[in-house]
Every structure is written in C-alpha cells, then in structure tokens.
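The chain contents come next:
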Amino acid sequence: MVLAKVWFLVVWCCVLWGGHQISATNTSCPSAFLNRCSCGMAYSPYDGHRQMKYTVNCTNSGFRTASMLHSLPEETEVFIFTGNTIPTLPINMFNKTLFYNDLDVIDMSNNHIRFIQGKTFHRVYRVKTLILNHNDLDITDKKERPRLFSSFDSLEHLHLTNAFSEKINSSDYLLSLEDIFYESTLGLLKTLHLEQNEISTIGNNTGVFCQLPKLQDLFLTDNRLRDFDFRIDCLHSVRYINLERNMIARLSEDAMRALDNFNRNNSTVTIRMQQNNFDCDCRSKNFIQWLNTTKVNIEGWSDLKCVDGYPSTNIGKTLSEVQELPCSSHSKLGRMGAVSHGSHPHGYSSSTIGALSFLLVFTTSMLLAVLYFHK
C-alpha cells in the first residue's frame, strides 16, 4: 500500500512537471490573433534551426488587417507574418508602449503589400533581418516615404526579392530606393537582396548602393541587367555580387575597368554571372581576354557559355574554349551602333535606302516638271 502511494505521488509529480514544461514552450497567442497564429518557443528557420526563439507565426492566416499586431507579445524574437492580404501597413504597426528589445527577425513576405507608411515601423532598433519578398511595393507615389527604414538601426540583412510593383519602371523605384537608403540609418547593412525585380539598368543613379558602407553581399539575380553599370568604388566592404540569369552579352570597357580598379584598391570581390546571354563574336574579344587576365574573382568563369556568336560554331562553347572571333557584317554594324535584323551590309537600313530612293525620284520628277514648263 505504501509503495502504491509513493508510485502515485511520483507519477503525479511527473504529470505536473510535464504540464508546466508544455505550457512554457507552447504559449498561446493573445486573443487579438483569433487563434490563427502560433506563439511560443520554436527553432528559427532564419539561423538554420540552431536555436529556439520565441516565435509568433501567422503564415497563411487569412488576415486582411494588421490591427492585431498592437498585441504582439513584447518577448517576441522572430515574427513571421506571411501569406496574408494587407495592401497598406498602418502607422505604428506594433504597440508603441512596448520596446521589443529581443525582436531579431521580421518576415512580412507575400502579403500583397503596396504601401508602407513612413512611421509603420517603430521600436525595431534591434531587428537584424527584415524580409519583404514577393509584395507589390510602390515607393514612387506622391507620398514618397524616404524614411521607410529609418528605425532599423541594427539591420544587417534586407530582403527585397520580387518586392516592387511591376507597374513602375525599375529606374524610377531605384531612384526612390536611393533616397530611402540616404534617409535611413543602414550603416550596418551587410546583405541586400534585389532578385526578380525586372531591373534592366541602374540608370543615372549609379550610386544607389553608396549609402550602404558595410554592404558585403549584393544579390541582383534574375533581373534584366545588360551590364555592370553601378558604382562599386564606394562599396569598400563588398565581397560578393551575384548577377546570375540577367541579360549580359558582355561587360563594357567601363565596367571591366571599374572592377579592376576596385580589385587593386580593395580586397578581392567575387562576381557570379552564370546563365547570362553571352555573345561570342568579335565584339566580345576584349571581354574574353579580360576574363583570362583579370585578378577579379569571376566565379566559375570557365563554365560560362556562349548563347550566341559568330561563327555559329561558337554557340554552346564555353567562353574559355572560344578561339575564333571574326567580325560578321552583323557584328560590324553593331560596333557602329546600328545593329538590327534589317541592316544593310554597308551600314544603311533598308528603310533608309527606300526613303532616299523616293526622295531622289521625287526631286528628279520636280526638276523635269520645272524644265518642261520653262522650255
């Protein structure tokens, strides 16, 4: 009987201890979250699942307003709010009476966000990672918000993959982005993701990244860039630039010179350019020679392949294999800035020749008419 009582007490204590542990690691969210989110300790996917952190996860929760975020627990370390529909983020999105000193990651991807108010984020001084991927941001409207990231004093990683509205020309929002970088305190930013934003050229604002002095890794993958046309001399800490899957046929003389100069004055930078539209004809001769001699680390350059070229036997070869780079008539025209499928071998397009012929016939006819009436 005594042994039975002792056994019962042991089991009861174990149940109580276990229940205490469960409640500590599976804390429920505040009622404002409508039982659609999970709140509690969880391994963070943002550090490789190495540590357990207090996580509020509202993935695909069907929210159409951000009002519940006034009730975000102050102990939150990782905040995941993805797959909802929030076109406009409100001013003072989090509770402005709390401090959120432990908040490290904010992931607001895929929420159809179009507008972020200038004072949306506050008390986010300790946040190191901000993710706004796959939204529809418009940062070029009349109510431009240059201080968008001004409260992120500790930000190290900014993710803006496929983040901007496709209705806006990329050169326009890059100009606004430069203003945002200038007005924000992003002196600690190390990583910037700008993949899949249909960027075709940096345009006139070549110094768009110069306000990020600690930038180390820049991702411009899956855009429409045709050259390396932004300043790198101001990025003294940069070590890696990814230009994969753009529309680069060859780098310009200015780009090659800028990279060589940077490499001489700073530590080696690595450039990745796989799966671009490399053109292997005489116009690329300097570029291919540069690849063979530069001390810039062009990652895996010996595997870069010719998508187009002259002669046609160059197509499909790697740039390191190409030996013959003669100039076709098409290439010569291209070097004169008149490349087109309808170009004439002597540098005039068929439309130009047609217009000149018409003018010649018309002038001759007029002269003959004048001579006829004055004979």
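Every residue gets a number counted from 1 within its own chain, in the order that chain's sequence is written. With pLDDT at 70 or above as the cut-off, local features in this predicted model cover only qualifying residues; side-chain atom pairs require 80 or more to be listed or tallied, and sums for whole chains, interfaces and linings still use all residues. To get the side-chain values, take all heavy atoms of the structure and skip hydrogens and water.

### Let's talk about the overall build of the chain
Okay, so step 1: Every helix listed is a DSSP run of H or I at least four residues long, and every strand listed is a run of E at least two residues long, numbered separately from the N terminus. For the chain, the count of helices and strands is six helices and 15 strands.
Okay, so step 2: Of the contacts formed within the chain by residues at least 6 apart in sequence, a portion of 67% connects residues at least 24 apart.
Okay, so step 3: For the chain, the computed accessible surface area is about 20,400 Å², with 54% contributed by carbon and sulfur atoms. In what follows, a contact means two residues having at least one pair of non-hydrogen atoms within 4.5 Å. Areas reported as accessible are Shrake-Rupley estimates using a 1.4 Å probe. Residue values count occlusion only from the protein chains shown.

### Observations regarding the pattern of salt bridges
Okay, so step 1: Any Lys or Arg side-chain nitrogen found within 4 Å of a carboxyl oxygen on Asp or Glu counts as a salt bridge. Evaluated as defined, the whole model comprises 14 salt bridges.
Okay, so step 2: Here lysine 53 and aspartate 104 are joined by a salt bridge, their closest N and O atoms 3.6 Å apart. On the criterion of sequence distance, the pair formed by lysine 53 in strand β2 (residues 52–57) and aspartate 104 in the loop between β4 (88–89) and β5 (105–107) is long-range, its members being 51 residues apart. Judged on exposure class, the residue lysine 53 and its partner aspartate 104 are both buried.
Okay, so step 3: A salt bridge links arginine 283 to aspartate 279, with the shortest nitrogen-to-oxygen separation between them at 3.0 Å.
Okay, so step 4: In this structure, a network of salt bridges that share partners links the residues Asp222, Glu244, Arg245, Arg272 and Glu299. Exposure categories follow from relative accessible area, calculated using a 1.4 Å probe and restricted to protein chains: below 20% of the type maximum is buried, above 50% is exposed, and the middle band is partly exposed.

### Points about helix α2 (residues 170–183)
Okay, so step 1: In this model, α2 (14 residues) spans 20 Å end to end at C-alpha, consistent with the 20 Å of a helix rising 1.5 Å per residue.
Okay, so step 2: Taken residue by residue, α2 has Ser170, Tyr173, Leu174, Ser176, Leu177, Glu178, Ile180 and Phe181 as its buried positions.
Okay, so step 3: Those residues of α2 that are buried lie in contact with β8 (157–159) and β9 (191–193). By definition here, a helix of n residues has an expected span of 1.5 Å times n minus one.

### Structural notes on the sheet that holds β2
As a general point, the strands of a sheet are linked pairwise by backbone hydrogen bonds and lie either parallel or antiparallel.
Okay, so step 1: Taken together, eleven strands build an open sheet; the order of strands is β1-β2-β3-β5-β7-β8-β9-β10-β11-β12-β14 and the sheet is mixed. With one partner strand each, in any of the chains shown, β1 (38–43) and β14 (297–299) form the two edges of the open sheet. When the angles between neighbouring strand axes are averaged without regard to direction, this sheet yields 10 degrees. What makes two strands pair is DSSP finding at least two bridges between them. Fitted lines through C-alpha atoms serve as axes, helices being fitted only where they are in contact, and the angles separating the N-to-C directions of these axes extend from 0 to 180 degrees.

### Some thoughts on the confidence of the model for the chain
Detailed reading of the predicted coordinates is not advisable wherever pLDDT falls low.
Okay, so step 1: pLDDT gives the predictor's per-residue confidence on a scale running from 0 to 100. Overall, the predicted model of the chain reaches an average pLDDT of 85, with 81% of residues at or above 70.
Okay, so step 2: Predicted confidence for residues 1–26 stays below pLDDT 50, and this span has four contacts to residues more than four positions away or in other chains.
Okay, so step 3: Across residues 337–351 the pLDDT falls below 50, and counting only partners more than four positions away or on other chains, this stretch makes 17 contacts in the model.

### Comments concerning the nonpolar core
Okay, so step 1: Residues Phe94 and Leu192 are the most contacted members of the largest nonpolar core, which totals 90 residues.
Okay, so step 2: When contributions to this core are tallied by element, the ones reaching two or more residues are β2, α2, α3 (253–265), β13 (278–280) and α4 (285–293).
Okay, so step 3: Ranked by residue count, the leading element in this core is α2, at five residues.
Okay, so step 4: Apart from the residues lying within four places of it in its own chain, the contact partners of leucine 192 are Leu158, Leu160, Phe181, Phe209, Leu212, Leu215, Asp217, Leu218 and Phe219. The nonpolar core is taken to be a set of buried Ala, Val, Leu, Ile, Met, Phe, Trp, Tyr and Cys residues, with the residues joined through side-chain atoms within 4.5 Å.

### A closer look at the state of the cysteines
Okay, so step 1: Cysteine sulfurs are considered disulfide-paired once they come within 2.5 Å of each other. Taken as a whole, this structure holds five disulfides when the rule is applied.
Okay, so step 2: Each sulfur in the disulfide pair cysteine 29 and cysteine 39 lies 1.9 Å from the other. Residues cysteine 29 and cysteine 39 are joined by a disulfide whose S-S torsion is about 105 degrees; by sign, that bridge is right-handed. Residue cysteine 29 is found in the loop between α1 (2–25) and β1, and its partner cysteine 39 is found in strand β1; the two are separated by ten residues along the sequence.

### Regarding unusual backbone geometry
Okay, so step 1: Omega for the bond connecting tyrosine 310 with proline 311 falls within 30 degrees of zero, at 0 degrees, which places this linkage in the cis form.
Okay, so step 2: As for its position among the elements, proline 311 is in the loop between β15 (306–309) and α5 (329–335).
Okay, so step 3: Of note in the backbone geometry, leucine 34 takes a positive phi value of approximately 55 degrees without being a glycine.
Okay, so step 4: Backbone geometry at asparagine 162 places phi at a positive 50 degrees, although glycine is not the residue there.
Okay, so step 5: Tracing the backbone shows asparagine 162 in the loop between β8 and α2.
Okay, so step 6: Classification of asparagine 162 by relative accessible area gives partly exposed; the value is 22%.

### As for the pairing of β2
Okay, so step 1: Taken together, the six bridges between β1 and β2 define a ladder with antiparallel strand orientation. Counted as the bridge partner of serine 38 is asparagine 57 from β2.
Okay, so step 2: Strand direction decides the pairing type here: β2 and strand β3 (residues 78–80), joined by three bridges, are parallel. Looking at β3, one finds that valine 56 is bridged to phenylalanine 79.

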